[in-house]
Amino acid sequence: MVSQNPLFQGGWSIKKVGAMVLNDIWPGVLFFTLIATGVVVISEKTDASLALPSQLLTVLGTILGLVISFSYQDGRKMWTNITSASRNLGQMFWIHVPHVRSGGNAEDERTRMILKSVIEKKTMIKLIQAFAVSVKHLLRNEEGVGYADLYPLIKCLPRFANTLPSVPTDADVLPLWYSHKLEKSKPKESDHSQETNTTLKNLLIVLRRPRPKDPRKMFRMQGRGQLLGTHVPLEIWLVLSNYSGWLMRQGLVQNAIATGLTNNLTLLQDTLCNLERICNTPLPFAYQAHLRISLWLYLFFLPVFSDILQLWIPDYTSYTLVAFFLIGFLEIGQEIENPFNYDLNDLDMDHFCYAIERDLHEITAHTNPDPADFLFNGWNEPFAPADKRSAEVMVTGPNPCIYKTAFDTGDNSEDNIRRTLLRGWREVDRKTRKI
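Parameters and conventions
- Residues numbered from 1 in each chain as written.
- Predicted model: local features only at pLDDT ≥ 70, side-chain atom pairs only at ≥ 80, totals over all residues.
- Heavy atoms only, no water.
- Helix = DSSP H or I, 4+ residues; strand = E, 2+ residues; numbered from the N terminus.
- Expected span 1.5 Å × (residues − 1).
- Buried < 20%, exposed > 50% of the residue type's maximum accessible area, 1.4 Å probe, protein only.
- Contact = heavy atoms within 4.5 Å.
- Core = buried A, V, L, I, M, F, W, Y, C linked by side-chain atoms within 4.5 Å.

J.: Looking at this structure, how should I read helix α5 (residues 107-139)?
T.: Side chains of residues three or four places apart in an α-helix project in the same direction, reflecting 3.6 residues per turn. In this model, α5 (33 residues) spans 49 Å end to end at C-alpha, consistent with the 48 Å of a helix rising 1.5 Å per residue. Trailing α5 by a residue or two, N141 shows a phi angle of about 60 degrees, which is positive.

What follows is the structure, given as structure tokens:
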């Protein structure tokens, strides 16, 4: 099936037009079109020969293989890893960590223990979601935790290294909350404050990690101009890793599940490092400059190659299309080099986080039923299509110890079950092969 054309999907808007590279490439296209026009006019109106050997055209044509960046696809693969690891961790926490634990005998104590266990697991699964959200903000250079989609998920985490009976001071503030005024820590939306700060300290921080001059890319706490430097995803990952270690020390998970928890936590950390590599490793300046200059020279001398000149004299405006294609590819490669911001061409990380949130809530909505509650009811037809009797009829019939159908003559249940399964296979084989 052919996918929908993105040009016409969802209608046109100023945002969609701005996401195209037309606004970036039209000056270059116009300039080189004028160059081609001048070459053609001189060749037609004068005796001057501007033609060059066409063999150079093949050599310079290799420039096309260098203009596209693949950061976009790499970034999407990394977000797939985060989604997969989040689902795995969520289902391991929810299903394999028991609700009922030793130590509670009375009914009230058992009920209270189940409630505490569910709260514990639900909170940790929310931290899995918080990890993905914090990665999104980190890649957008939005530091700190004061966001409406992040703060509610982590506000229960400890804020001080020393707690009661000790009196916490500013020296006891943990890295996750460092530089926050705790009594004023309120979530705010992702359209961040556009206030600027010209202190030397903040200027040095900005210079150390240059970013596009977009106020949405910079996060500042309300009332403060200091940029926050805490690595929030790492702090959340440490909490999840600590919980995994606590489960192992308490003997609440089996060895195979403990290995799965460790592997998926490691996958989250590796994926985070790869995303930071993509975000913080642009193409070297020398590469970008040489690529752009080479393309400009290629387009500048293209009209004077002898074969091209003879071809385009009747219709020299065709050169405009060539300039449009080549300069457009160059600008697109630069546009998607960092695919983690807010442009229409960037990865929709909000959508990824919403998908993870939905998945985790779906996992926690699973009731962990005893298999006997649904395996032997009247809705289950385990041997269909050969035998459409329900499991309830089979195990509660007049002679539940012997399995037998109308096609069976003996009373050996195992033989009858095998024949039924073979009949089912034959029927499905005929149906799917349309024999």
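After that view, the rundown keeps rolling.
J.: Would you explain unusual backbone geometry in this entry?
T.: Note on backbone geometry: most residues besides glycine have negative phi, and most peptide bonds are trans. Residue A384 is joined to P385 through a cis peptide bond whose omega torsion reads 10 degrees. In this model, N141 sits at a positive phi of 60 degrees, which is unusual for a non-glycine residue. In this structure, N141 sits in the loop between α5 and α6 (151-154). Residue class for N141 comes out buried when judged on its relative accessible area of 9%.

J.: What am I meant to see in the environment of I82 here?
T.: Here I82 lies in helix α4 (residues 71-96). When its relative accessible area of 0% is taken as the criterion, I82 is described as buried. Note: C-alpha distance between I82 and N264 (182 residues apart in sequence) is 9.2 Å. Dropping the residues within four chain positions of it, I82 is found in contact with A132, V135, L268, T271, L275 and I356.

J.: How do you make sense of the nonpolar core when you look at a structure like this?
T.: Inside soluble globular proteins, nonpolar side chains tend to come together where they are buried. Counting residues in each nonpolar core, the largest one holds 55 residues, and the members touching the most others are W79, F93, L150, I154, I236 and F340. At the level of secondary structure, the elements contributing two or more residues to this core comprise α4, α5, α6, α8 (232-249), α9 (255-280) and α13 (349-364). If one sorts the elements of this core by residue count, α5 sits on top with 11 residues. Contacts of I154, omitting those with residues within four sequence positions, involve L127, A130, V145, L176, W177 and I236.

Distances and angles like these do not, on their own, reveal function.
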